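Coordinate analysis (summary)
In case you want the letters, here they are:
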Amino acid sequence: MNSKVTKRVLVWLFFGMILTAVPITAAAVMSLPKNAGIVDFFELVFNQDLLAVAFTLSAAASADVIFSRESKDGGLLKVGMGSFTMVLAFVSAIGYAIIKSGDERFDPYQTAWGVALLYAASMLCSLVCEALSEL
Amino acid sequence: MAFFANNFLVIAEIVSVTSTVAVFLLGIAFVKQKRRAESNH
């Protein structure tokens, strides 16, 4: 495997993990006094701030893949990948804004699974985009 | 707004699955195209 691609993917994974740890750690610390020292896993997954992480990862990766100048061929495919990742970023951002505004009543079960799905998809798509931006 | 709140899980499912599949397929197509171009040179 291309060593540049491996390095890029590893750096991106590390960046993603650090970025993810911030809201999860904050939620865990804040839930401690409420739950008598026990951290509720559902409360961590139901953390809407993960949508902000998903937005950051997918938006940065889509910009990287669209504007990468590594190769001249396959530009349209790279733009396509970046566009689909950008859609993920938009939905994450809109979801985050609406959930945080608190105007609508969200079902916690729906929100938790939706957040987890969007986060997982953003992580996967951003990894693929970062890997292919080096090719 | 209300539509998004009521159907958040469905919207998240559709967008995340579609985008992930599309990005993987486009990525495979890109790698194949690049390999073909390198073998032609």
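Within each chain, residues carry numbers counting from 1 in the order of the written sequence. All chains are assigned letters beginning with A, and all ligands numbers beginning with 1, in the order in which they are written. Confidence filtering applies because this is a predicted model: local features only for residues at pLDDT of at least 70, side-chain atom pairs given and counted only at 80 or more, and all residues used for totals across whole chains, interfaces and linings.

1. Observations concerning the overall build of chain A
Runs of E in the DSSP output that reach at least two residues are strands. Runs of H or I that reach at least four are helices, and both are numbered from the N terminus. Regarding its fold elements, chain A presents five helices and zero strands. Its helices and strands in sequence order give chain A the pattern α-α-α-α-α, from N to C terminus. Exposure classification rests on a simple neighbour count of other C-beta atoms within 10 Å of a residue's own: a residue reaching 20 or more is buried, one at 12 or fewer is exposed, and one in between is partly exposed. C-beta atoms are placed from the backbone. Classification of the 135 residues of chain A by burial places 38% in the buried group. Contacts spanning at least 24 positions in sequence make up 80% of the contacts within chain A whose residues lie at least 6 apart. By the criterion used throughout, residues are in contact when their C-beta atoms, derived from the backbone, lie within 7 Å.

2. A look at the interface of chain B and chain A
Residue-level contacts link 23 residues of chain B with 31 residues of chain A. Listed by contribution, the elements that provide at least two residues to the side of chain B that touches chain A are α1 (2-6) and α2 (8-40) of chain B. Sorting elements by how many residues they give to the side of chain B that touches chain A places α2 of chain B first, with 19 residues. Split by residue class, the side of chain B that touches chain A holds 16 nonpolar, five polar and two charged. Under the scheme applied, nonpolar residues are Ala, Val, Leu, Ile, Met, Phe, Trp, Tyr, Cys and Pro; charged residues are Asp, Glu, Lys and Arg; polar residues are all the others, including Gly.

3. A look at helix α4 (residues 75-101) of chain A
Between the first and last C-alpha of α4 of chain A there are 38 Å, a value that for 27 residues agrees with the 39 Å anticipated at 1.5 Å per step. Two residues or fewer after α4 of chain A comes G102 of chain A, characterised by a positive phi angle close to 75°. For a helix, the expected span equals 1.5 Å multiplied by the residue count minus one.

4. Observations regarding the packing of helix α3 (residues 49-66) of chain A against helix α5 (residues 108-133) of chain A
Axis angle and axis distance: for two packed helices, these are the angle between their axes and the distance between the axes, and together they describe the pair. Residues and elements named next belong to chain A. Lines fitted to C-alpha atoms define the axes here, with helix axes fitted over just the stretch in contact, and angles between the N-to-C directions of these axes take values from 0 to 180 degrees. Direction vectors running N to C along α3 and α5 enclose 20°, while the axes themselves pass 8 Å from each other. Judged by the inter-axis angle, α3 sits roughly parallel to α5. For the pair α3 and α5, the sense of crossing is left-handed. In contact with L50, L51, V53, A54, L57, S58, A61, S62, D64 and V65 of α3, α5 contributes V115, L118, Y119, S122, M123, C125, S126, C129, E130, L132 and S133. Should an angle fall under 35 degrees it is taken as roughly parallel, and over 145 as roughly antiparallel, whereas 65 to 115 is taken as roughly perpendicular and any remaining angle as oblique. By convention the crossing between two helices is left-handed if the near helix lies anticlockwise of the far one by an angle smaller than a right angle, and right-handed if it lies clockwise.

5. Quick notes on the environment of M81 of chain A
Locating M81 of chain A in the fold gives a position in helix α4. For the pair M81 of chain A and V11 of chain A, spaced 70 residues apart in sequence, the C-alpha to C-alpha distance is 20 Å.

6. Examining helix α1 (residues 3-31) of chain A
The periodicity of an α-helix, 3.6 residues per turn, causes residues three or four places apart in sequence to face the same way. All names here are of chain A. The end-to-end C-alpha distance of α1 is 42 Å, a good match for the 42 Å that 29 residues give at a rise of 1.5 Å each. Of all the bends in α1, the largest measures some 25° and sits at A21, one to four residues before the proline P23. Here α1 has its buried residues at W12, G16 and A27. To get the bend at a residue, fit one axis to the 7 residues ending there and another to the 7 starting there, then take the angle between the axes.

7. Looking at the nonpolar core
Buried Ala, Val, Leu, Ile, Met, Phe, Trp, Tyr and Cys residues form a nonpolar core when they are connected through C-beta atoms within 7 Å. Residues A54, M81, L118, C125 and C129 of chain A are the most contacted members of the largest nonpolar core, which totals 37 residues. At the level of secondary structure, the elements contributing two or more residues to this core comprise α3, α4 and α5 of chain A together with α2 of chain B. Broken down by element, the residue count for this core peaks at twelve residues, all from α5 of chain A. The contact partners of A54 of chain A, leaving out residues within four places of it in the chain, are S92, L118, Y119 and S122 of chain A.

8. Brief notes about the environment of A2 of chain B
All names here are of chain B. Here A2 is to be found in helix α1. Judged by the 10 C-beta atoms lying within 10 Å of it, A2 falls in the exposed class. Considering only alpha carbons, one finds A2 and R36, 34 residues apart in sequence, at a separation of 49 Å.

9. Some points on the environment of G95 of chain A
Mapping G95 of chain A onto the fold places it in helix α4. The class for G95 of chain A is buried, based on 25 C-beta atoms found within 10 Å. Sequence separation between G95 of chain A and L19 of chain A is 76 residues, and the spatial gap between their C-alpha atoms is 19 Å. For G95 of chain A, the residues in contact, after removing those within four places along its chain, are L51, G114 and L118 of chain A together with F8 of chain B.

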